[in-house]
Amino acid sequence: MAFDFSIIQETLSDVFDSDIMSIGRKMTVTDPDGFEMETDPTIPLYENIPCHVSFKTQDNPDVANDSTRPVIMSLEIYCDPMTDIQNGDYIKVQKRKADGTVLEEYTGIAGEPEQYQSRTVFSMGVSKWT
């Protein structure tokens, strides 16, 4: 027997999606003079998209790189199934409290999204130097 979880999609979003994200994408466009150029992926196509951020892997200290202290982690992001997200998109996500207070902001690159009846799920790699 198959269950249709799409009927609870709105409830899932209302309950879990306290975080927000922006999505940017590198695309080739033709300017008015007929020249092709690439868009800047850091400029968002979509902004303030409700989502839920979960930590898939967290950074472990690397004693060999103590002086540079790289931070490498993977986030799992859940959003509405109609969200236009593609592998390689530039993502900026804000982890927020229920009242909207921003706890942390992460930027990274989206992995291949998985589509479910009620949610889209994708991993985002985060890498930065402190």
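Residues numbered from 1 in each chain as written. Predicted model: local features only at pLDDT ≥ 70, side-chain atom pairs only at ≥ 80, totals over all residues. Heavy atoms only, no water.

**Q** Can you break down the overall build of the protein residue by residue, with the values?
**A** Along the backbone of the protein there are one helix and nine strands. From first element to last, N terminus to C terminus, the protein shows the α and β order α-β-β-β-β-β-β-β-β-β. Residues counted as buried form 31% of the 130 residues belonging to the protein. Pairs at least 24 apart in sequence give 60% of the contacts found in the protein among residues at least 6 apart. As displayed, the protein has an accessible area near 8600 Å², and 53% of this comes from carbon and sulfur atoms. (Helix = DSSP H or I, 4+ residues; strand = E, 2+ residues; numbered from the N terminus. Buried < 20%, exposed > 50% of the residue type's maximum accessible area, 1.4 Å probe, protein only. Contact = heavy atoms within 4.5 Å. Areas by Shrake-Rupley, 256 points an atom, 1.4 Å probe, with all protein chains shown as cover.)

**Q** With reference to specific residues and values, describe the environment of E105.
**A** Position of E105 relative to the elements: it lies in strand β7 (residues 102–110). We classify E105 as partly exposed; its relative accessible area is 37%. Each C-alpha atom of the pair E105 and I20 lies 9.8 Å from the other, and the pair is 85 residues apart in sequence. Discounting chain neighbours no more than four positions away, the residues touching E105 are K92, V93 and Q94. Within polar-contact distance, the side chain of E105 engages the side chain of Q94 at 3.1 Å. (Polar contact = N/O pair within 3.5 Å; in protein donor to acceptor, adjacent residues only side chain to side chain.)

**Q** Break down the nonpolar core for me, with residues and values.
**A** Within the largest apolar cluster, 17 residues are counted, with the highest numbers of intra-cluster contacts made by M21, L75, I77, I91, V93, F122 and M124. Mapped onto this core, the elements with two or more residues apiece are β1 (19–24), β4 (44–57), β5 (70–79), β6 (90–96), β7 and β9 (120–129). At four residues, β5 tops the list of elements feeding residues into this core. If sequence neighbours within four positions are ignored, V93 has contacts with I20, M21, C51, V53, L75, I77, E104, E105, Y106 and M124. (Core = buried A, V, L, I, M, F, W, Y, C linked by side-chain atoms within 4.5 Å.)

**Q** A description of the confidence of the model for the protein should follow, citing residues and the corresponding values.
**A** Of all residues in the protein, 75% have pLDDT values of 70 or greater, and the mean over the chain is 84. At the low end of the mean pLDDT range in the protein sits helix α1 (residues 9–16), at 65; at the high end sits β1, at 96. (pLDDT = per-residue confidence, 0-100.)

**Q** So what about the pairing of β1? Which residues, and what values?
**A** Most of β1 sits inside the fold, with six of its six residues counted as buried. As paired strands, β1 and β4 are joined by five bridges and run antiparallel to one another. Looking at β4, one finds that M21 is bridged to I49. Note that β1 and β6 share five bridges and pair antiparallel. The residue bridging S22 from the neighbouring strand is K92, located in β6. (Pairing = 2+ DSSP bridges.)

**Q** I'd like to hear about unusual backbone geometry, residue by residue, with values.
**A** At N48, a position not held by glycine, the phi torsion is positive, near 55°. Structurally, N48 is set in strand β4.

**Q** Account for the pattern of salt bridges, with residues named and values stated.
**A** Following the criterion strictly, the structure yields five salt bridges and no others. With its nearest N and O atoms 2.7 Å apart, the salt bridge here joins D17 to R119. Placement of D17 in the loop between α1 and β1 and of R119 in the loop between β8 (114–115) and β9 is noted, with a sequence separation of 102 residues between them. By relative accessible area, which is 12% here, D17 ends up buried. Taking the relative accessible area as the measure of exposure, R119 reaches 9% and is therefore buried. (Salt bridge = Lys/Arg side-chain N within 4 Å of Asp/Glu carboxyl O.)

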